[in-house]
Amino acid sequence: MPRTTKVESPSCPPFRALTTDVLGLVKVIETRGEQSGAAAKVVERWGDPDSSKSVVSASILDREKDPLLGVARKSGLIDVISVINGDLRHSIPNVCQDGTRPEDDPIVGLHLFKKQRSESSTRSCTSLTCTTKGYVRIESFEESKSPADSIRDPSPTSWNVCGSGNILCSNVEENENYALFGGKGVEVNVWDLQKCTKIWTAKSPPRNSLDIFTPMWFTSTTFLSKDDHRKFVAGTSCHQVRLYDISAQRRPVMSFDFRETPIKAVVEDLDGHTVYIGNGSGDLASVDIRAGKLLGCFIGKCSGSIRSLARHPELPIIASCGLDSYLRIWDIHSRQLLSAVFLKQHLTNVVFDSHFRTQDAAGSAPEPLDVNEVPCQDEDDEAMTTKRKKTSKGHGDSRSKKKKSRKTSKED
């Protein structure tokens, strides 16, 4: 069984997270209970280990009813599985262009749409994929309980977002109307997904005082606010974090350096102005992006490169995973480590199932206890209480016997 690490820290709230790794496995990690020192545990493992099925990108359709997880594999295959039981719902073959091998043009971005993009009511799942060479594809699938019965969209939407260079990161905003792409030799750009047209392209920063030009090498991106697609944050291989505002200018409105290694993961907070960044040396920090102020680094350095970050949509926790094979859960306020699980393989992605409690209430699992309610004693507790009462009564009898014996000896 995977090793778990318990940390002397505040109790870890109940959560459910899913991770993917380089062997194509999907593992479900849960924490149930509010007791102090509760550690996360692996409760499910889906798939068989195979390096050719390594997961390069993942996306969760986080809905209360029938949530789905999409995983893009190294072989070019995309599997859509049930988050509840791991059943395979859809299997999408190679999405690369005709004649292109998946090894030459791997998938770097995957997104499952929450809202319906097709007028047909039978379309239940729509995905967006992006490859290294900038080939973007939007495709829908019919609702089906068996992957053999799933029907692909006969006319998917596809276009190319770059003429040269390699795409390394992509992100879709909350309302799913816009997406941004960036990479090595590709300036970060924003596209309208309804019209499939480019609406904005960034401009490289000017040369510095030493006349050195910073190359275009974006490694991670995220929209800053769920209600505004005009502001987003991008991390670069030159350990820079940049804030862009497409309504203001093409160049970044603010930029700062973070440590000495490339930025590998960036995720936004719910407040709309805080971002969490992880780099190649295992450093994790929170930053107020409005002024580029470092709020603090998370306590307990990771021993490997961070590859994925996930902010829980309700609980004040953040998850990180990477090449050290650990899934770590952090408190966003104290920046302390709450729990860590060793998962044996190099991890590539982590996502949260925010409807974990709702599913427990609807299923056979016990409902979480209310913090205001006092739990009832079970049979063992009652037995212990009875035993203690009998023992105290026995002690009282022995004391009375001792008093009687002393009284009798005096009379004699």
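The sections below set out a description of the structure shown in this document. In this text the structure is predicted, and so the values were computed from the model without any measurement.

**Section: the pattern of salt bridges**
Inference 1: In this structure the tally under the stated criterion is 13 salt bridges.
Inference 2: Glu30 serves as the salt-bridge partner of Arg32, at 3.0 Å between the closest nitrogen and oxygen.
Inference 3: Residue classification places Arg32 among the partly exposed residues on the basis of a relative accessible area of 41%.
Inference 4: A salt bridge links Arg137 to Glu139, with the shortest nitrogen-to-oxygen separation between them at 3.0 Å.
Inference 5: The class for Glu139 is buried, based on a relative accessible area of 2%.
Inference 6: Salt bridges sharing partners connect three or more residues here, namely Arg16, Glu30, Arg32 and Asp353.

**Here's the deal with the sheet that holds strand E5 (residues 55–61)**
Sheets are built from strands paired through backbone hydrogen bonds, the pairs being either parallel or antiparallel.
Inference 1: Taken together, 4 strands build an open sheet; the order of strands is E5-E6-E7-E8 and the sheet is antiparallel. Edge positions in the sheet fall to E5 and strand E8 (88–92), since each has one partner strand and no second. Shown here is a sheet whose adjacent strand axes are inclined to one another by a mean of 15 degrees, direction ignored.
Inference 2: Taken together, the 6 bridges between E5 and strand E6 (residues 68–73) define a ladder with antiparallel strand orientation.

**Here we look at the packing of aromatic side chains**
Within a pair of aromatic rings, the relevant descriptors are the distance that separates the centres and the angle that separates the planes.
Inference 1: Evaluation of the coordinates by the stated rule reveals 9 aromatic pairs.
Inference 2: Where Phe232 meets Tyr244, the ring centres are 5.2 Å apart and the plane angle is 15 degrees; that geometry is what we call stacked. Pair noted here: Phe232 is in strand E18 (residues 231–236) and Tyr244 is in strand E19 (residues 240–245), with a separation of 12 residues, a long-range link. Pair check on accessibility: Phe232 and Tyr244 agree, each one buried.

**Points about the environment of Pro252**
Inference 1: Checked against the element boundaries, Pro252 lands in the loop between E19 and strand E20 (254–257).
Inference 2: In this structure, the C-alpha to C-alpha distance between Pro252 and Ser204, residues 48 residues apart in sequence, is 8.3 Å.

**Regarding the environment of Arg242**
Inference 1: Along the polypeptide, Arg242 turns up in strand E19.
Inference 2: In contact with Arg242, other than residues within four places in its own chain, are Pro205, Thr214, Phe218, Phe232, Val233, Ala234, Thr236, Pro252, Met254 and Ser255.
Inference 3: Within the structure, the side chain of Arg242 is placed 3.0 Å from the side chain of Gln240, a separation counted as a polar contact.

**Focus on the sheet that holds E20**
Inference 1: Pairing in this open sheet of 4 strands is antiparallel, and the strands run E17-E18-E19-E20 from one edge to the other. The open sheet has two edge strands, strand E17 (218–223) and E20, and neither has a second partner. Pairwise comparison of adjacent strand axes, ignoring direction, gives a mean angle of 15 degrees for this sheet.
Inference 2: Sheet topology note: the E19/E20 ladder contains 4 bridges and is antiparallel. Directly across from Arg242, in E20, lies its bridge partner Ser255.

Cut-offs used in this document
- Residues numbered from 1 in each chain as written.
- Predicted model: local features only at pLDDT ≥ 70, side-chain atom pairs only at ≥ 80, totals over all residues.
- Heavy atoms only, no water.
- Salt bridge = Lys/Arg side-chain N within 4 Å of Asp/Glu carboxyl O.
- Buried < 20%, exposed > 50% of the residue type's maximum accessible area, 1.4 Å probe, protein only.
- Pairing = 2+ DSSP bridges.
- Helix = DSSP H or I, 4+ residues; strand = E, 2+ residues; numbered from the N terminus.
- Axes fitted to C-alpha atoms, helices over the stretch in contact; angles between N-to-C directions.
- Phe/Tyr/Trp six-rings, centres within 6.5 Å; stacked < 30°, edge-to-face > 60°.
- Contact = heavy atoms within 4.5 Å.
- Polar contact = N/O pair within 3.5 Å; in protein donor to acceptor, adjacent residues only side chain to side chain.

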